[in-house]
Amino acid sequence: MLDERTRDFYVRVMTALHAAELPFMVAGAYALRHHTGISRQTKDLDLFVKRDDIGRALHSLAQAGFRTELPFAHWLGKVYDGDDFIDIIFSSGNGVATVDEDFFTHAPHGHCFEVPVRWCPVEEMIWSKAFVMERERFDGADVAHLLHSCAASLDWQRLIERFGSHWRVLYAHVVLFGFIYPGEDHAIPGVVVQELGERMLRERENLPGEQPVCGGTLLSRQQFLVDICEGGYQDARIADGTMSEAEVEDWTSAILRPEH
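This is a predicted model, so every value here is computed, not measured. Starting afresh in each chain, residues are numbered from 1 along the sequence in its written order. Owing to the predicted nature of the model, reporting of local features is limited to residues with pLDDT of at least 70; listing and counting of side-chain atom pairs is limited to 80 or more, with chain, interface and lining totals taken over all residues. Derived side-chain values reflect all non-hydrogen atoms in the structure, with water molecules and hydrogen atoms excluded from consideration.

Caption draft 1: Quick look at the packing of helix α5 (residues 122–129) against helix α7 (residues 156–163). Orientation is described by lines fitted to C-alpha atoms, with helices fitted over the stretch in contact, and by angles between N-to-C directions that extend from 0 to 180 degrees. Helix and strand assignments come from DSSP, with helices taken as H or I runs of at least 4 residues and strands as E runs of at least 2, each series counted from the N terminus. Two elements in contact, α5 and α7, have axes separated by 10 Å at closest approach and are oriented at 30 degrees. Between α5 and α7, the angle is such that the two are roughly parallel. Read as a crossing pair, α5 and α7 show a hand that is right-handed. Only R158, L159, R162 and F163 of α7 make contact with α5, whose side of the interface consists of E123, E124, I126 and W127. Any angle that falls under 35 degrees is termed roughly parallel, while one over 145 is termed roughly antiparallel, one within 65 to 115 roughly perpendicular, and all others oblique. The sense of a crossing depends on the near helix, which, turned anticlockwise from the far helix by less than a right angle, makes the crossing left-handed and, turned clockwise, makes it right-handed. A contact between two residues is defined here by any heavy atoms of the two lying within 4.5 Å.

Caption draft 2: Local environment of the packing of aromatic side chains. Working definition: rings of Phe, Tyr and Trp (its six-membered ring) pair if their centres are within 6.5 Å, and the pair is stacked with planes under 30 degrees apart, edge-to-face with planes over 60 apart, and tilted otherwise. For the structure shown, the criterion picks out 13 aromatic pairs. Between F9 and F66 the ring centres are 5.8 Å apart and the planes differ by 55 degrees, which places this aromatic pair in the tilted class. With F9 in helix α1 (residues 4–19) and F66 in the loop between α3 (54–63) and β3 (67–72), the pair connects residues that are 57 residues apart, well separated along the chain. Each member of the pair, F9 together with F66, is buried. Among the aromatic residues, those joined into a ring-pair cluster are F9, Y10, Y30, F66 and F113. Criterion for a charge above a ring: Arg CZ or Lys NZ at most 6 Å from the ring centre, at most 35 degrees from the ring normal. Between the NZ or CZ atom of K50 and the centre of the ring of F104, over which it lies, the distance is 5.7 Å. The buried label goes to any residue with under 20% of its type's maximum accessible area, the exposed label to any with over 50%, and the partly exposed label to all in between, with areas taken from a 1.4 Å probe on protein chains only.

Caption draft 3: Region of the structure containing the pattern of salt bridges. Every case where a carboxyl oxygen of Asp or Glu lies within 4 Å of a side-chain nitrogen of Lys or Arg is listed as a salt bridge. Scanning the model with the defined rule gives 18 salt bridges in all. Here D139 and K129 are joined by a salt bridge, their closest N and O atoms 3.6 Å apart. Taken together, the residues D139 in the loop between α5 and α6 (140–150) and K129 in helix α5 connect sequence positions 10 residues apart. Considered together, D139 and K129 belong to a single accessibility category, that of buried residues. One network of salt bridges, with partners in common, ties together R5, D8, R12, D81 and D84.

Next up, the structure:
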């Protein structure tokens, strides 16, 4: 149950962003509830802003009297009020799901704590959550519930385009959906299953590059480091250009800081 003090903090932050004429979206658990009706306990509020707006967002909130920080320059800012905090997110931990104008183009309008907001689109929620496969956190259940509630209304072509060269991650969740809900496998359009399956067959015929790449680092910042450090694999985050070597080093060093 959200206490009044925390609720007031959330309202004041969103109101301050409106006053600064800075566009934002509500994501995380509150957006999941909006799209699926599923409620769960959460320790914070997630707000998405465009990458180019993060500096202005944190400055505006600091001017409004809040304590702010940018713990990770490639994807995450924070704003505090005592023990309460809000994540100001402009990308993802692996650097893939950068918040851009398309998020806002397709973001539905609504209200959160009676404040006018935009909700993160379902397609972008699936895109950003699909890669979270840490030992201590796996967002696959969120993806499955979003598909369960919204598969019929999804813009599947746009979703596939969002994943780009990482389309196998989406395919993995599509396959898992049929396992989780065996009686509702038909909810995923057959043309989607066919297209992704044919892509996989075609790619199996391609020869690997000179240096093997490990895409596991896009799914977990820790569990595939052994492949990079000892196995001779190239880090996909660097190979794809989603993160710099310095950003990878900073993100890796934070493994021992569980608050992030």
